[in-house]
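One-letter residues, chain by chain:
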There are 4 protein chains.
Amino acid sequence: VFAEDGLMHAVRKGFRYLECSTVSPETTKRVQAALREKGADALEAPVTGSKNGADQGTLLFMTGGPRAVHEELMPVMMAMGTKAIYCGEMGQGSTMKLIGNHFISLMLEALCEGVVVGRKHGLALETILEVVQASGFASPYFAFKGAAIGKRDWSEHFAIDLLVKDQTLMLETAAAARVPMPGLAAVREVFQSARAQGFGREDICAVVKTLERAAGEPS
Amino acid sequence: VFAEDGLMHAVRKGFRYLECSTVSPETTKRVQAALREKGADALEAPVTGSKNGADQGTLLFMTGGPRAVHEELMPVMMAMGTKAIYCGEMGQGSTMKLIGNHFISLMLEALCEGVVVGRKHGLALETILEVVQASGFASPYFAFKGAAIGKRDWSEHFAIDLLVKDQTLMLETAAAARVPMPGLAAVREVFQSARAQGFGREDICAVVKTLERAAGEPS
Amino acid sequence: VFAEDGLMHAVRKGFRYLECSTVSPETTKRVQAALREKGADALEAPVTGSKNGADQGTLLFMTGGPRAVHEELMPVMMAMGTKAIYCGEMGQGSTMKLIGNHFISLMLEALCEGVVVGRKHGLALETILEVVQASGFASPYFAFKGAAIGKRDWSEHFAIDLLVKDQTLMLETAAAARVPMPGLAAVREVFQSARAQGFGREDICAVVKTLERAAGEPS
Amino acid sequence: VFAEDGLMHAVRKGFRYLECSTVSPETTKRVQAALREKGADALEAPVTGSKNGADQGTLLFMTGGPRAVHEELMPVMMAMGTKAIYCGEMGQGSTMKLIGNHFISLMLEALCEGVVVGRKHGLALETILEVVQASGFASPYFAFKGAAIGKRDWSEHFAIDLLVKDQTLMLETAAAARVPMPGLAAVREVFQSARAQGFGREDICAVVKTLERAAGEPS
């Protein structure tokens with residue numbers, strides 16, 4: 001955005017900028033401030049949904065910025081996705097997105113630790129998934145990632161490198177607000193290890209291989 | 001079971017023992033061995049589902065032991081609950097139950113860390129829940145516990161003291177199989193802190209108060 | 001002690017029992033109670049000092065029990081070691097010993113994490129040790145374990161299996177007093193992983209191999 | 001350094017820049033590159049030693065950069081401190097400094113967790129320190145910080161805010177090299193909590209108050 005040949009040069013009064021990638025709340029605030037100086041404005045609108053989600057138009061936007069701009073850009077978002085939830089002022093959409101990836105991190109860690117300890121005690125992945133999905137803490141996410149783990153299919157929907165980037169942004173955002181996140185901090189080191197072991201470009205469910213190695217299993 | 005005036009004295013050939021509480025896999029194996037010496041047998045069948053679940057017959061059993069005994073005791077279980085999933089031999093039902101509570105632990109930690117960091121950045125609990133529940137990692141569990149947190153209603157469905165007991169059993173069971181569980185280990189200390197702060201008999205969602213205190217908020 | 005052919009049968013009035021191994025405070029209290037019923041008494045006196053310490057009489061005892069028994073058994077302890085510090089009533093010697101091994105755990109983790117990250121940035125182990133030992137946080141322990149790591153000499157002074165046993169006792173003792181130990185909890189999972197990877201009988205400094213693997217290095 | 005009215009404008013050929021503060025290895029490398037373009041050069045030389053150390057000339061420098069510049073600036077450093085250890089090329093002095101603060105972090109966490117759990121079991125701080133200092137893992141650091149904790153003297157030698165800054169730089173530096181640091185990651189969240197609770201400008205040993213609160217003690 002700020003690069004010498006970047007977007008800012010093209011900005012005119014009334015211009016609207018829709019930021020869909022996951023960046024830090026600080027970054028989106030800076031972009032907005034720069035745009036406003038030129039009579040333009042921005043809406044941050046990070047998305048959730050896998051690659052497949054993008055293909056099939058099932059993306060969910062979580063937006064931050066002026067509500068009027070949210071309304072204004074609704075048609076644009078609805079062309080790409082199915083839902084847009086207004087989270088509040090600039091920065092809060094990004095924060096929400098990071099919180100979402102924090103949920104994903106702990107849910108996936110729960111699944112993978114559970115799968116490794118279960119297997120060592122003779123419990124099949126299918127049994128674990130059957131019980132989890134019949135219980136009150138069921139989630140489509142466990143079915144989605146559990147199936148990939150079962151097939152040992154690491155093809156990327158969401159790369160470990162990217163999740164670690166977001167975990168780090170989340171911890172920085174939490175530090176700025178002085179909130180300890182002991183669960184996420186522990187889990188980030190596991191994903192960090194997965195990167196170190198060469199799985200950074202694989203799907204985040206490949207973190208199970210790191211936990212298998214930590215448990216002394218070949219993988 | 002083994003107490004002097006315990007169950008063992010009453011055991012006759014053909015007796016069937018249904019263990020529904022959450023104990024360590026080692027314990028259920030020991031009970032089974034003792035019963036078999038007397039021509040009896042056991043089925044472990046820990047349950048999931050809240051107090052309300054018990055009232056309304058929506059309990060889920062996860063069983064371990066001989067499959068024949070599972071079938072035999074099916075009518076008994078169906079009188080109390082709605083589903084019974086056979087997990088494998090004795091010990092595997094208990095292990096499954098502990099894995100389930102491990103899932104709960106990390107999901108609740110994810111929710112509570114997310115709520116505290118979100119609030120400090122001005123994100124309403126309702127917004128977080130709306131986004132989470134519209135996403136691929138939605139779960140009825142987040143709605144259930146999120147609602148209680150929103151009302152700051154700590155009345156007990158599952159007490160912190162009990163969850164910590166199960167987290168400890170899980171870590172012991174994992175240690176026996178030499179499986180590190182870095183996520184659960186970190187999270188257990190948070191719940192441990194909640195006990196220390198006097199919330200042991202409150203519902204597990206009261207752990208959010210411990211995270212609030214860690215973040216310097218009065219609560 | 002309590003076994004059928006155990007010590008208790010030989011106990012007479014005035015008998016003194018010196019418990020030198022590392023057990024839980026609960027255990028030593030139980031032993032003492034049983035002995036007192038017979039007019040005997042016990043002193044717990046776990047030791048610190050490596051195998052070499054035992055050979056050369058440089059063991060340090062940390063005792064718990066009646067001070068009179070501590071004085072009474074002083075000559076026995078001084079025949080084996082060089083110092084005995086009275087820690088307080090029965091259980092407090094064991095607690096002190098566990099706290100000592102907790103110190104060792106975090107200091108060794110500090111050294112090993114530091115060595116692995118330093119090496120990846122081109123810092124020699126010798127340089128790290130030179131700086132640490134010239135600083136205010138120097139310790140003979142870093143020289144001792146650093147030298148072994150430098151030679152990749154994993155011959156056992158204190159086995160990983162034993163340290164994990166004590167870390168677990170420490171966490172149980174802390175849980176009984178409702179004290180969270182987030183540092184130790186995280187570190188125990190690393191040592192747990194070392195056991196899983198087959199290093200349980202090697203010296204505790206072999207944990208560096210587990211951290212190397214976590215960092216994607218062959219080892 | 002790079003500010004508009006900064007040092008760079010004054011740089012002439014042959015100029016030598018001595019960077020004594022603790023910054024990231026990336027930063028010192030950037031400074032060096034800029035200086036070299038002008039025929040000048042830099043040496044990074046972060047220090048260890050408390051405020052008192054600075055007063056009394058007992059500071060230790062750990063340097064990174066060209067060895068010739070290290071030799072050239074030796075007299076300057078010896079005017080302020082007592083020792084300078086050459087760590088290697090630019091960036092390695094900073095890395096060493098961060099590793100040193102990582103040691104401090106885990107040693108202080110060990111001490112504070114030990115003090116809190118010991119006290120709950122009736123073990124006096126003085127007893128813990130006596131045993132630790134008589135053992136192989138003794139360190140002047142434990143005496144220094146233990147004394148302050150005993151007097152509940154939180155006057156700042158090294159502020160929690162600054163240590164957290166360095167812990168964060170260490171984790172970033174480790175992430176760049178793909179090294180997980182599970183111990184430090186857990187400990188940083190505890191210090192983060194201390195900041196949140198208002199202890200950021202107090203000495204790092206004030207983190208014991210955070211652990212006391214986590215253990216349900218008033219403080």
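Quick caveat: nothing in here was measured; it's all calculated off a predicted structure. Going along each chain's sequence as written, the residues are numbered from 1 onward. Chains carry letters from A onward and ligands carry numbers from 1 onward, assigned in written order. This being a predicted model, a pLDDT of at least 70 is required before a residue's local features are given, and a value of 80 or more before pairs of side-chain atoms are given or counted; all residues contribute to the totals for chains, interfaces and linings. To get the side-chain values, all heavy atoms of the structure are used, and hydrogens and water are removed first.

Engineer: I tried to follow the overall build of chain A on my own but got confused; where do I start?
Structural biologist: Per the convention used, a helix needs a DSSP run of H or I reaching at least four residues, while a strand needs a run of E reaching at least two, with both numbered from the N terminus. Helix and strand content of chain A: nine helices and five strands. Counting helices and strands in the order they occur from the N terminus, chain A gives β-α-β-β-α-β-α-β-α-α-α-α-α-α. Burial classification: accessible surface area is computed with a 1.4 Å probe over protein chains only, and a residue below 20% of its type maximum counts as buried, one above 50% as exposed, and the rest as partly exposed. The buried share of chain A, taken over its 219 residues, is 62%. Within chain A, residue pairs in contact and separated by at least 24 positions form 65% of the contacts whose partners lie at least 6 positions apart. Computed by Shrake-Rupley with a 1.4 Å probe, the accessible areas treat only the displayed protein chains as cover when residues are assessed. A total accessible area of about 8100 Å² is found for chain A, and carbon and sulfur atoms account for 54% of it. In chain A, the 23 positive side-chain charges and the 25 negative ones have mean positions that sit 2 Å from each other. What makes two residues a contact is simply this: any of their non-hydrogen atoms within 4.5 Å. The convention is simple: Lys and Arg are positive, Asp and Glu are negative, and His and the chain ends are not counted. Working definition for charges: the position is that of NZ of Lys, CZ of Arg, CG of Asp or CD of Glu.

Engineer: So what exactly am I meant to see when it comes to the packing of helix 4 (residues 92-120) of chain C against helix 6 (residues 140-151) of chain C here?
Structural biologist: For any two helices packed against each other, one specifies the crossing angle of their axes together with the interaxial distance. Residues and elements named next belong to chain C. Remark: helix 4 packs on helix 6, axes separated minimally by 11 Å, with the N-to-C direction vectors making an angle of 50°. Taken as axis vectors, helix 4 and helix 6 run oblique relative to one another. Where helix 4 crosses over helix 6, the handedness of that crossing is right-handed. Side by side, helix 4 and helix 6 meet where Ile 104, Met 107, Leu 108, Leu 111 and Cys 112 of the first sit next to Tyr 141, Phe 142, Lys 145, Gly 146 and Ile 149 of the second. For every element, the axis is a line fit to its C-alpha atoms; helices are fit only across the contacting stretch, and the angle between N-to-C directions ranges from 0 to 180 degrees. These descriptions rest on fixed angle ranges, namely under 35 degrees for roughly parallel, over 145 for roughly antiparallel, 65 to 115 for roughly perpendicular, and the rest for oblique. By convention the crossing between two helices is left-handed if the near helix lies anticlockwise of the far one by an angle smaller than a right angle, and right-handed if it lies clockwise.

Engineer: Help me understand the relation of the copies chain B and chain C in this model?
Structural biologist: Note that the two copies of the chain are related through a rotation about an axis and a translation along the same axis. For the pair chain B and chain C, the best superposition has an RMSD of 0.0 Å and corresponds to a rotation of 180° with a translation of 0.0 Å parallel to the axis. Put plainly, the chains are arranged around a two-fold axis. Each copy is superposed on the other by least squares, with the fit set by C-alpha atoms of residues at a pLDDT of at least 70 in both.

Engineer: What is the right way to read the state of the cysteines from this model?
Structural biologist: Among covalent bonds in proteins, the disulfide is the one between the sulfur atoms of two cysteines. Any pair of cysteine sulfurs within 2.5 Å is marked as a disulfide. Considering all chains together, one arrives at zero disulfides over all chains under this definition. Unpaired in this structure, Cys 87 of chain A has its nearest cysteine sulfur neighbour in Cys 20 of chain A, at a distance of 13 Å.

Engineer: Any chance you could explain the packing of helix 4 (residues 92-120) of chain B against helix 8 (residues 182-196) of chain B here in plain terms?
Structural biologist: Residues and elements named next belong to chain B. At a minimum axis distance of 10 Å, the contact between helix 4 and helix 8 shows a crossing angle of 70°. In terms of axis orientation, helix 4 runs roughly perpendicular to helix 8. Helix-helix and strand crossings are classified by hand; for helix 4 and helix 8 the assignment is left-handed. Contact residues: His 102, Ser 105, Leu 106, Leu 108 and Glu 109 in helix 4; Gly 183, Leu 184, Val 187, Val 190 and Phe 191 in helix 8. Under the scheme applied, nonpolar residues are Ala, Val, Leu, Ile, Met, Phe, Trp, Tyr, Cys and Pro; charged residues are Asp, Glu, Lys and Arg; polar residues are all the others, including Gly. When its residues are assigned to classes, the contact of helix 4 with helix 8 shows six nonpolar, three polar and one charged.

Engineer: Looking at this structure, I do not really get the environment of Ile 99 of chain D. What am I missing?
Structural biologist: Relative to the helices and strands, Ile 99 of chain D resides in helix 4 (residues 92-120). Considered as a pair, Ile 99 of chain D and Met 170 of chain D are 71 residues apart in the sequence and their alpha carbons are 7.1 Å apart. Once residues lying within four places of it in the same chain are set aside, the contact partners of Ile 99 of chain D are Gly 114, Val 117, Gly 118, Leu 123 and Ile 128 of chain C together with Met 170 of chain D.

Engineer: Please clarify how the pattern of salt bridges should be interpreted in this entry.
Structural biologist: Once their charged atoms are close, side chains differing in charge can pair, the charge on each being opposite to the other. By definition here, a salt bridge exists when the distance from a side-chain nitrogen of Lys or Arg to a carboxyl oxygen of Asp or Glu is within 4 Å. One pass over the full model with this rule turns up 44 salt bridges over all chains. A salt bridge links Glu 217 of chain B to Arg 119 of chain B; the nearest nitrogen and oxygen atoms lie 2.7 Å apart. Of this pair, Glu 217 of chain B sits in the segment after helix 9 (207-214) while Arg 119 of chain B sits in helix 4; the two residues are 98 residues apart in sequence, bridging distant segments of the chain. A salt bridge links Lys 145 of chain D to Asp 203 of chain D; its shortest N-O distance comes to 2.8 Å. Of this pair, Lys 145 of chain D sits in helix 6 (residues 140-151) while Asp 203 of chain D sits in the loop between helix 8 (182-199) and helix 9 (207-214), and the two are 58 residues apart along the sequence. Of the two residues, Lys 145 of chain D and Asp 203 of chain D, both sit in the buried class.

Engineer: Teacher, can you tell me more about helix 9 of chain B here?
Structural biologist: The α-helix advances 3.6 residues per turn, and as a result positions three or four apart in sequence lie on the same side. Most of helix 9 of chain B is tucked away: seven of the eight residues are buried. Among the residues making up helix 9 of chain B, those that are buried are Val 207, Val 208, Lys 209, Thr 210, Leu 211, Glu 212 and Ala 214 of chain B. Buried-residue contacts for helix 9 of chain B involve helix 8 (182-199) of chain A, helix 4, helix 6 (140-151), helix 7 (160-176) and helix 8 of chain B together with helix 8 of chain D. In the segment just after helix 9 of chain B, Gly 216 of chain B is the residue with positive phi, at about 80°.

Engineer: How should I be thinking about empty space enclosed by the protein in this particular structure?
Structural biologist: The gaps of empty space that remain are located by a probe, the size of a water molecule, rolled over the atoms. Think of a 1 Å grid over the protein atoms and nothing else: a 1.4 Å probe that fits but is trapped marks a cavity, an open set flanked by protein within 12 Å on at least five of seven lines marks a pocket, and residues with an atom within 4 Å of a point count as lining. Grid points are joined across faces, edges and corners, and a volume is the space filled by probe spheres set on the points. One pass over the full model with this rule turns up six cavities of 30 Å³ or more. Lining the largest cavity are 48 residues, and of these Pro 182 and Ala 186 of chain A, Ala 186 of chain B, Ala 186 of chain C together with Ala 186 of chain D lie nearest its centre. Here the lining of the largest cavity is built from residues that sort into 28 nonpolar, twelve polar and eight charged.

Engineer: It is not clear to me how the interface of chain D and chain C should be interpreted in this structure. Could you clarify?
Structural biologist: How large an interface is tends to be reported as the accessible area lost when its parts come together. Taken together, the contacts link 60 residues of chain D with 60 residues of chain C. Here's the idea: put two parts together, see how much 1.4 Å probe accessible area each one loses, and the total over both is what we call buried area. The junction of chain D with chain C conceals about 4800 Å² of combined surface from both sides, 77% of it contributed by carbon and sulfur atoms. Of all residues in chain D, Phe 103, His 121 and Phe 137 of chain D bury the most surface against chain C, accounting for 14% of the area lost on that side. Across the chain D-chain C interface, the total number found is zero salt bridges. Here a polar contact means two N or O atoms within 3.5 Å. Within protein one must be a hydrogen donor candidate and the other an acceptor candidate, and residues neighboring in sequence count only if both atoms are side-chain atoms. Remark: the boundary between chain D and chain C carries 18 residue pairs in polar contact (both at pLDDT 80 or more). Elements with a contribution of two residues or more to the side of chain D that touches chain C: strand 4 (59-64), strand 5 (81-88), helix 4, helix 5 (125-134), helix 6, helix 7 (160-176), helix 8 and helix 9 of chain D. Ranked by the residues each element gives to the side of chain D that touches chain C, the list is headed by helix 4 of chain D, at 19 residues. Classifying every residue of the side of chain D that touches chain C gives 39 nonpolar, 15 polar and six charged.

Engineer: How do you make sense of the interface of chain B and chain C when you look at a structure like this?
Structural biologist: The interface of chain B with chain C comprises 16 residues on the first partner and 16 residues on the second. Carbon and sulfur atoms make up 55% of the surface buried where chain B meets chain C, a total of about 1300 Å² over both sides. At the junction of chain B and chain C, the tally comes to two residue pairs in polar contact (both at pLDDT 80 or more). Of all the secondary structure elements, the ones that give two or more residues to the side of chain B that touches chain C are helix 7 and helix 8 of chain B. By residue number, the principal contributor to the side of chain B that touches chain C is helix 8 of chain B, which donates eight residues. Residue composition of the side of chain B that touches chain C, grouped by class: eight nonpolar, two polar and six charged.

Engineer: Would you mind showing me how to read helix 7 of chain B here?
Structural biologist: Helix length check: helix 7 of chain B, at 17 residues, gives a terminal C-alpha distance of 24 Å against a target of 24 Å (1.5 Å per residue), a fit within 8%. Within helix 7 of chain B, twelve of the 17 residues are buried, leaving the element largely enclosed by the surrounding structure. Regarding helix 7 of chain B, the residues found buried are Ile 160, Leu 163, Val 164, Asp 166, Gln 167, Thr 168, Leu 169, Met 170, Leu 171, Thr 173, Ala 174 and Ala 175 of chain B. Its buried side turned inward, helix 7 of chain B meets helix 4 (92-120) of chain A, helix 1 (25-37), helix 4, helix 8 and helix 9 of chain B together with helix 8 (182-196) of chain C. Two residues or fewer past helix 7 of chain B, Arg 178 of chain B is found with a positive phi of approximately 55°. To estimate how far a helix should extend, the number of its residues minus one is multiplied by 1.5 Å.

Engineer: I keep staring at the pairing of strand 1 (residues 16-19) of chain B and nothing clicks. Help me out?
Structural biologist: Moving residue by residue along a regular strand, the side chains alternate between the two faces of the sheet. Residues and elements named next belong to chain B. Burial along strand 1 is one-sided: Tyr 17 and Glu 19 are buried, and none of Arg 16 and Leu 18, which face the opposite way, are. Here a strand pair is declared whenever DSSP counts at least two bridges between the two strands. Judged from the four bridges that link them, strand 1 and strand 2 (residues 41-44) form a sheet pairing that is parallel. From the neighbouring strand, Tyr 17 faces strand 2, where its bridge partner is Ala 42. If you view a crossover with the strands going away from you and the path from the first strand over the helix to the second runs clockwise, you call it right-handed. Chirality of the crossover, the property in question, places the unit of strand 1, helix 1 and strand 2 among those that are right-handed.

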